[in-house]
Amino acid sequence: MTVNEFRSELRRRLAQNARRTLLRIVLSESSVLELTGDQIMRQAPQVAEKFTRSQSGDVVFILLPHSLELFLLHLGLVLTKRIPAILPWPTARIDPEKYQRNLAHQLRNLPAAEIVTLPRLARNLSSALPYSVSACPIDSSSGWEESIRNPPLEGLPPGEVDIAEGSVPADALFLQFSGGTTGAQKAVVVTAPMLASQLESLGSRLAFGAEDSVVSWLPLYHDMGLIACLWLPLWFGAPSLHLSATDWLLNPALLFQFIARYRGTFCWLPNFAFSFLAGQRQRIQGTFSLHHLRAWINCSEPVRLLSCKAFAEQYAHYGVVPESLQTSYAMAENVFAVTQTELGKTPASFSRASVHRGASYPQLAFDLVEDVFVSSGRVLSGMCVRIVNSECASCEDGVAGEIQIRTECMFSGYWGKGGFSATAFTSDGWYATGDYGFFSQGELFVIGRLKDIIIVGGQNIFPEDVEAVVNTVPGIYPGRVVAFGILNEAHGTEGLAIVAEARHNAADVGSLQHEIFQLVLSAMGVAPRAVSVVPQRWIVKSTAGKISRRETRERFEREILRLPQQ
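Quantities reported herein were computed from a predicted structural model and do not represent experimental measurements.

Regarding its fold elements, the chain presents 15 helices and 28 strands. Taken over 566 residues, the chain has a buried fraction of 60%. In the chain, of all internal contacts separated by at least 6 residues, the share reaching a separation of at least 24 is 72%.

Time to look at the pairing of strand E22 (residues 431-440). E22 sits mainly inside the fold: nine of its 10 residues count as buried. In this structure, strand E19 (residues 401-407) lies alongside E22, joined through four bridges in antiparallel fashion. Within the sheet, the bridge partner assigned to Gln-404 lies in E22 and is Ala-432. Looking at chain direction, E22 and strand E23 (residues 443-449) are connected through six bridges and run antiparallel.

One turn of the α-helix equals 3.6 residues, which is why residues spaced by three or four share an orientation. Between its first and last C-alpha, helix H2 (residues 37-51) extends 21 Å over 15 residues, near the 21 Å set by a 1.5 Å rise per residue. Regarding H2, the residues found buried are Gly-37, Ile-40, Ala-44, Pro-45, Val-47, Ala-48 and Phe-51.

Moving on, we come to the sheet that holds E19. A sheet is described by the order of its strands in space; here four strands give the open sequence E18-E19-E22-E23, paired in antiparallel fashion. Taken across any chain shown, the strands that pair with only one partner, and hence form the sheet edges, are strand E18 (383-388) and E23. Geometrically, the sheet is characterised by an average inter-axis angle of 50 degrees between neighbouring strands, direction not taken into account.

Take the pattern of salt bridges next. Think of it this way: side chains of opposite charge can pair up when their charged atoms draw near. Taken as a whole and assessed by the stated rule, the structure comprises 17 salt bridges. Linking Glu-559 and Arg-558 is a salt bridge whose minimum nitrogen-to-oxygen distance equals 3.9 Å. Each of Glu-9, Arg-12, Arg-13 and Glu-200 takes part in a single network of salt bridges with overlapping partners.

Even without a glycine there, the phi angle at Val-335 is positive, about 75 degrees. Positionally, Val-335 belongs in the loop between strand E13 (325-330) and strand E14 (337-340). Residue classification places Val-335 among the buried residues on the basis of a relative accessible area of 0%. In this structure, Gln-441 is a non-glycine residue whose phi angle is positive, near 50 degrees. Following the sequence through the fold, Gln-441 ends up in the loop between E22 and E23. When its relative accessible area of 67% is taken as the criterion, Gln-441 is described as exposed.

What follows covers the confidence of the model for the chain. On average, residues of the chain score 86 in pLDDT, and 88% of them are at 70 or above. Low pLDDT (under 50) marks residues 358-369, which in the prediction has 41 contacts with non-local residues, meaning those over four places away or in another chain.

Each value, and the rule that gives it
Residue numbers run consecutively from 1 along every chain, following the written order of its sequence. Owing to the predicted nature of the model, reporting of local features is limited to residues with pLDDT of at least 70; listing and counting of side-chain atom pairs is limited to 80 or more, with chain, interface and lining totals taken over all residues. Only hydrogens and water are set aside when side-chain values are computed; all heavy atoms of the structure are taken into account. Strands are runs of DSSP state E lasting at least two residues, helices are runs of H or I lasting at least four, and both sets are numbered from the N terminus onward. Exposure categories follow from relative accessible area, calculated using a 1.4 Å probe and restricted to protein chains: below 20% of the type maximum is buried, above 50% is exposed, and the middle band is partly exposed. Here a residue-residue contact requires only that any non-hydrogen atoms of the pair lie within 4.5 Å. Any two strands with at least two DSSP-identified bridges between them are counted as paired. In this analysis, the expected span of each helix is defined as 1.5 Å times one less than the number of residues it contains. As a rule, the C-alpha atoms of each element are fitted with a line to give its axis, helices using only the stretch in contact, and angles between N-to-C directions run from 0 to 180 degrees. Each salt bridge in this description consists of a side-chain nitrogen of Lys or Arg and a carboxyl oxygen of Asp or Glu lying within 4 Å of one another. For every residue, the pLDDT score states the predictor's confidence, bounded by 0 at the bottom and 100 at the top.

Right under this line is the structure:
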């Protein structure tokens, strides 16, 4: 499908649903804006023309908070042949220095013609950027701007950002960004053939149709929020509802409230959200009927059985059943999903003790709280996945190695000045994901990131496994634990370090640190070199909202170990 054919087909589908509500945007609990297919087709291009000055084929950055204008600008720029790229909006939950570095990286390295943002920020950025800066006022603009403690690029000398040269492919629709957990977010160009292939493959596997409905708090700068929760329902003529992540965190019951009110049938969530919601049971009051929801899809992080079970048990009285908890393996580099479990069936599990590491990989620490891995499902149509060992030889079923993909919607490389970077590809054209996993009976099981493995005395340990153990400790904030390796020069190996955020009402720090130390030693047979319990929001998160293990380690070394900085 060419880019012009895609736009024509999108207009046809919007016209087909001219009088049907396709998009709901929650501005407050009592204020939900609704747009029909006809309103989207008319208003989106109008907003794009009103607030931008770019030409056909130009890349346009959008730096806006959750708002009607954010959604209409993205869709309007696509419809009017511009290339939108939604930048993360800064929040109090993202480390401000990390955010500034990431934004500066994007503005320096991505060839763009324009950025659209709130009025005060537009004035702040105009002197620092060599391209057009346009102001887009929204409701409560001043309130959003006041919430930013460090305005983006504040104090950056004029002219600091050079114009990055380069052009996107002729069939490009928009840019989206990688997770950014191991550094600055990288840009992925999503073309018309890539997006069409992804939507059709995923829609077919889910049997997704116009009678479905998606409810989401995921931001549009995340591929799960943009592709699964906006583009998928829009493409199939189904309504989607979007509330802000900040509002959901402040009031978790909102998700259930809107699913019940609008009879949602799909809800995508990262694994931490299942643990978080299970831990919020006492805060969530009222009765919500969730029987009609076809699938809660656990995606974006390695799936944890305990997280799924706890969520299902806590909300069984609302109608959540184990069979509705599904899983997927997805990434921005593939537009979105690579695999998906079969709806209506509980995802398969595989005993940790039965996983073979093969001669290429040392023994891993598998004797943990959870003794199984959870399937991420079967590979979608039009996609290929292989597991290889460190010598790039294919692994048999039940043997773990690196996950590599080759698909119809795979990216061409990370894009920036100078064009595409293909360093992540193998010599025979497969994308090396850096993820570690295995196949069993046609289903993919994801273990974790290869580059995050901690080597302690010759034993390889996945930080996700340590984090799963520590997350069971009462007094620790759910999902706010980071494990990483630090050099132990005396013993010539790595030491295991753990940082965990405490709840406000937790016991004293010393007791928590001792409990974590003993639990990890007992569960994994490895004594942590350092355990640090820190206040909430100490751990560094990426601009995509994921924990940044590397930058948390750097902060730990700088502020707690007080190591000299390079």
